[in-house]
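What the coordinates show
Residues per chain, in single letters:
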Amino acid sequence: MAKLIYMNNVSLDGYMEDEHGTFAWFPIDDEVFAFHTERLRPVSTFLYGRRLYEAMAVWETDPALAAKSDLMADFASAWQRASKIVYSTTLTDVSTADTRIERRFDPSTVRRLKATASSDLMIGGANLAAQAFDAGLLDECQLFILPVVVGGGKPGLPTGLRAELELLEERRFGNGVVHLRYRPLGQ
């Protein structure tokens, strides 16, 4: 059975976006970027909320991004290789190949997808991840903790949900970013 993995970049105080809805404070460097790509490479399907899908679609719709460097081309290739499911009640069309729209998050459908997938699934978007947490579908939570405090914004983890996690792996990067990989207990 494939795993459902939630991966996100968050500030030290736990936000994935600041109070202006941006994440321009993310300290990109080659080491972290290459590690992100390695985490995406084996994923067969991305499950996204509308906003994250629209932000990520540029990796397919804007060839100039991949042309900037070998690292960016590698990331674009890994991202494009996977199928995408976008959960949205408002989106009417998608701009990327091998992408479909679902109007609502259905836990039983995701369970079937996990059971039949050839490799792991990755879920993105805090609201969507909260639904997966609630349904007991999440197998891993991977966070990139950034060395910045933004003071408010959109939380990177669900609010109002209690979950105990077991630390599986940690890695420190030269720019101060820390990657933490957890498994929810009791699943």
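Just above sits the structure.
Residues numbered from 1 in each chain as written. Predicted model: local features only at pLDDT ≥ 70, side-chain atom pairs only at ≥ 80, totals over all residues. Heavy atoms only, no water.

**A word on the pairing of strand β10 (residues 178-184)**
Note the cut-off: Strands qualify as paired when DSSP identifies two bridges or more between them. In this description a helix means any DSSP run of H or I spanning at least four residues, a strand means any run of E spanning at least two, and both kinds are numbered starting from the N terminus.
With 5 bridges connecting them, strand β7 (residues 140-146) and β10 associate as antiparallel partners. If you follow Ile145 over to β10, its bridge partner there is Val178. The antiparallel hairpin formed by strand β9 (residues 165-172) and β10 contains 5 residues in its connecting segment, where Gly176 sits at a positive phi of about 95°.

**Quick word on the sheet that holds β10**
Keep this limit in mind: Only the contacting stretch of a helix is used when fitting its axis, a line to C-alpha atoms as for every element, and angles between N-to-C directions run 0 to 180 degrees. Whether two residues are in contact is decided by their heavy atoms, any of which lying within 4.5 Å being enough.
A sheet is described by the order of its strands in space; here 8 strands give the open sequence β5-β4-β3-β6-β1-β7-β10-β9, paired in mixed fashion. Looking at which strands have only one partner, the edges of the open sheet turn out to be β5 (99-102) and β9. Strand-to-strand twist across the sheet, computed as the mean angle between neighbouring axes with direction ignored, equals 20°. With 5 bridges joining them, strand β3 (residues 45-49) and strand β4 (residues 83-87) adopt parallel strand pairing. By the bridge assignment, Tyr48 is partnered in β4 with Val86. Lying over the sheet, helix α6 (residues 107-116) contacts β1 (4-11), β3, β4 and β6 (121-124), oriented at roughly 160° with respect to β3.

**Considerations on the side chain of Thr99**
We apply this condition: N or O atoms within 3.5 Å of each other form a polar contact, as long as, within protein, one can give a hydrogen and the other can take it, and as long as residues adjacent in sequence are counted only when both atoms are side-chain atoms.
With respect to the helices and strands, Thr99 occurs in strand β5. Reaching out from Thr99, the side chain makes a polar contact with the side chain of Thr96 at a distance of 2.6 Å. A polar side-chain atom of Thr99 sits 2.9 Å from the main-chain carbonyl oxygen of Ala97. The residues contacting Thr99, other than those within four sequence positions of it, are Tyr53, Lys84, Val86 and Val94.

**Notes on the pattern of salt bridges**
Rule in force here: Think of a salt bridge as a Lys or Arg side-chain nitrogen and an Asp or Glu carboxyl oxygen that are within 4 Å of each other. When a residue's accessible area, from a 1.4 Å probe over protein chains only, is under 20% of the maximum for its type it is buried; when over 50% it is exposed; and in between it is partly exposed.
Applying the stated criterion across every chain, the model contains 14 salt bridges. The partner of Arg183 in a salt bridge is Glu166, with the nearest N and O atoms 2.3 Å apart. One end of the pair, Arg183, is in strand β10; the other, Glu166, is in strand β9, and 17 residues separate them in sequence. Classification of Arg183 as partly exposed rests on a relative accessible area of 30%. Here Arg181 makes a salt bridge to Glu169, at a shortest N to O gap of 3.0 Å. Taken together, the residues Arg181 in strand β10 and Glu169 in strand β9 connect sequence positions 12 residues apart. A single network of salt bridges, built from pairs that share partners, joins Lys3, Arg39, Glu140, Glu169 and Arg181.

**Some points on the packing of helix α1 (residues 30-40) against helix α5 (residues 70-81)**
Condition: Each angle is binned into one of four classes, with values under 35 degrees roughly parallel, values over 145 roughly antiparallel, values of 65 to 115 roughly perpendicular, and all other values oblique. Less than a right angle of anticlockwise turn of the near helix away from the far helix marks a crossing as left-handed, whereas a clockwise turn marks it as right-handed. We call Asp, Glu, Lys and Arg charged. Ala, Val, Leu, Ile, Met, Phe, Trp, Tyr, Cys and Pro are nonpolar, and the rest, Gly among them, are polar.
Contact pair α1 / α5: the axes reach a minimum separation of 9 Å and the direction vectors enclose 20°. Taken together, the axis directions place α1 and α5 in an arrangement best described as roughly parallel. Here α1 runs over α5; the crossing is left-handed. Contacts between α1 and α5 involve Asp30, Phe33, Ala34, Thr37 and Leu40 on the former and, on the latter, Leu71, Met72, Asp74, Phe75 and Ala78. Tallied by class, the residues present in the contact of α1 with α5 amount to 7 nonpolar, 1 polar and 2 charged.

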